[in-house]
Amino acid sequence: MRQELVRAEGLCRWFSGPEGRISVLQNAKFKAFPGELLAVLGESGSGKTTLLQLLGLLDRPDGGKYFFKGEDTENWSENRRAKTRNREIGFVFQQFRLLPTLTAKENVALPLVISGVPSWERNRRVRAALDQVALLHRADHLPGALSGGQMQRVALARALVTNPCLILADEPTGNLDPKSADRMMELLLAQRKSGCCVIMITHAPSLAKQADRLMYLKEGHLLPDA
Ligand SMILES: Nc1ncnc2c1ncn2[C@@H]1O[C@H](COP(=O)(O)OP(=O)(O)OP(=O)(O)O)[C@@H](O)[C@H]1O
Ligand SMILES: [Mg+2]
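The following paragraphs examine the structure supplied in this document. (Residues numbered from 1 in each chain as written. Chains lettered and ligands numbered in written order. Predicted model: local features only at pLDDT ≥ 70, side-chain atom pairs only at ≥ 80, totals over all residues. Heavy atoms only, no water.)

All right, on to the packing of helix H5 (residues 148-160) against helix H6 (residues 178-190) then. The N-to-C vectors of H5 and H6 enclose an angle of 15°; their axes lie 10 Å apart at closest approach. Here H5 is positioned roughly parallel relative to H6, judged by the angle of their axes. Here H5 runs over H6; the crossing is right-handed. Of the residues in H6, those touching H5 at Gly 149, Gln 152, Arg 153 and Leu 156 are Ser 180, Arg 183, Met 184, Leu 187 and Leu 188. Partitioned by chemical class, the residues of the contact of H5 with H6 number four nonpolar, three polar and two charged. (Axes fitted to C-alpha atoms, helices over the stretch in contact; angles between N-to-C directions. Helix = DSSP H or I, 4+ residues; strand = E, 2+ residues; numbered from the N terminus. Parallel < 35°, antiparallel > 145°, perpendicular 65-115°, else oblique. Left-handed = near helix turned anticlockwise from the far one by under 90°. Contact = heavy atoms within 4.5 Å. Nonpolar A, V, L, I, M, F, W, Y, C, P; charged D, E, K, R; others polar.)

Here it is, written out as structure tokens:
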């Protein structure tokens, strides 16, 4: 039987507001496997980013269990969580989140600097990642000198440079023109070949229909696969 990469079992997340507790994610249950691309859809405020943050070990659930590579993450230390984020998970955020004072190649190198990869190996991997997103010729540019589509491709290269087994992308095409969005989608789909699992939030039906599976969030509830 195929071993799942991630498994959510009844994940819950709530926040306290002025009017008491707001339940943002309720009893979310699903599995995702290596080599598939899942699209997460749902209205604004339905809990999509909240779910992605739990899957990315950026946040902890208030209830339920989250298994990563078959291991229950509940009792993982902050250090273990940070190491897993750094080495096994690649994030692509809607707003790119590139450091403005670092060049494209320095931005891409950051996860490798954090994990202590020596500079000769770092350079090789950074070049390979920038090549994958067809941006080697912009390696020395600062983000401010790149177009939106190019910035997002640098952000993807930064997510790919560690060879993660999981890529989490929060509306990665939200700020892109249709052509750049298609290119980003192609690159995300291509990651499946190496067994990477991609979980992508999108509002664009044309992109969602290219996914292997869809997940819908409605008011914090994950609806069964369509
Ligand atoms: N830290 C927080 N404190 C309080 N409420 C929060 C917090 N984070 C999220 N929420 C609430 O949880 C709900 C879901 O938020 P979330 O960001 O997951 O939505 P989303 O589906 O990603 O929406 P969008 O499509 O607009 O990005 C919203 O009502 C939001 O106000
Ligand atoms: Mg969101």
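The subject of this paragraph is the nonpolar core. A general trend in soluble globular proteins is that nonpolar side chains are found buried together. Within the largest apolar cluster, 41 residues are counted, with the highest numbers of intra-cluster contacts made by Val 108, Leu 156 and Leu 188. Going through the elements one at a time, strand E3 (37-42), helix H3 (104-114), helix H4 (119-132), H5, strand E7 (166-170), H6, strand E8 (197-201) and helix H7 (205-208) are the ones with two or more residues in this core. Here this core gets seven residues from one element, more than from any other, and that element is H5. Non-local contacts of Val 108, meaning those with residues more than four positions away in its chain, are made with Val 126, Ala 129, Leu 130, Val 154, Ala 157, Arg 158 and Val 161. In terms of nonpolar packing, the next biggest core, distinct from the first, is built from 30 residues, Val 6, Ala 32, Phe 93 and Leu 166 among them. (Core = buried A, V, L, I, M, F, W, Y, C linked by side-chain atoms within 4.5 Å. Buried < 20%, exposed > 50% of the residue type's maximum accessible area, 1.4 Å probe, protein only.)

Another point: the side chain of Asn 86. Note on placement: Asn 86 falls in helix H2 (residues 78-88). The class of Asn 86 is buried, set by a relative accessible area of 14%. Side-chain polar atoms of Asn 86 contact the backbone oxygen of Pro 111, separated by 3.1 Å. For Asn 86, the residues in contact, after removing those within four places along its chain, are Pro 111, Ile 114, Ser 115 and Thr 162. (Polar contact = N/O pair within 3.5 Å; in protein donor to acceptor, adjacent residues only side chain to side chain.)

To continue, consider H6. Between its first and last C-alpha atoms H6 spans 18 Å; for 13 residues at 1.5 Å apiece the expected length is 18 Å, and the two agree. Those residues of H6 lying buried are Ser 180, Ala 181, Met 184, Met 185, Leu 187, Leu 188 and Leu 189. A side-chain oxygen of the first residue of H6 lies 3.1 Å from the backbone nitrogen of Lys 179; this N-cap is Asp 177. (Expected span 1.5 Å × (residues − 1).)

This next bit is on the pairing of E8. Counted residue by residue, E8 has five buried out of five residues, so it is predominantly covered. Of the two faces of E8, the one lined by Cys 197, Ile 199 and Ile 201 and the one lined by Val 198 and Met 200 are each fully buried. Pairing of E7 with E8, which is carried by five bridges, proceeds in the parallel orientation. For Ala 169, the partnering residue across the bridge sits in E8 and is Met 200. Handedness of the β-α-β unit built from E7, H6 and E8 comes out right-handed. (Pairing = 2+ DSSP bridges. Right-handed = clockwise from strand over helix to strand, strands pointing away.)

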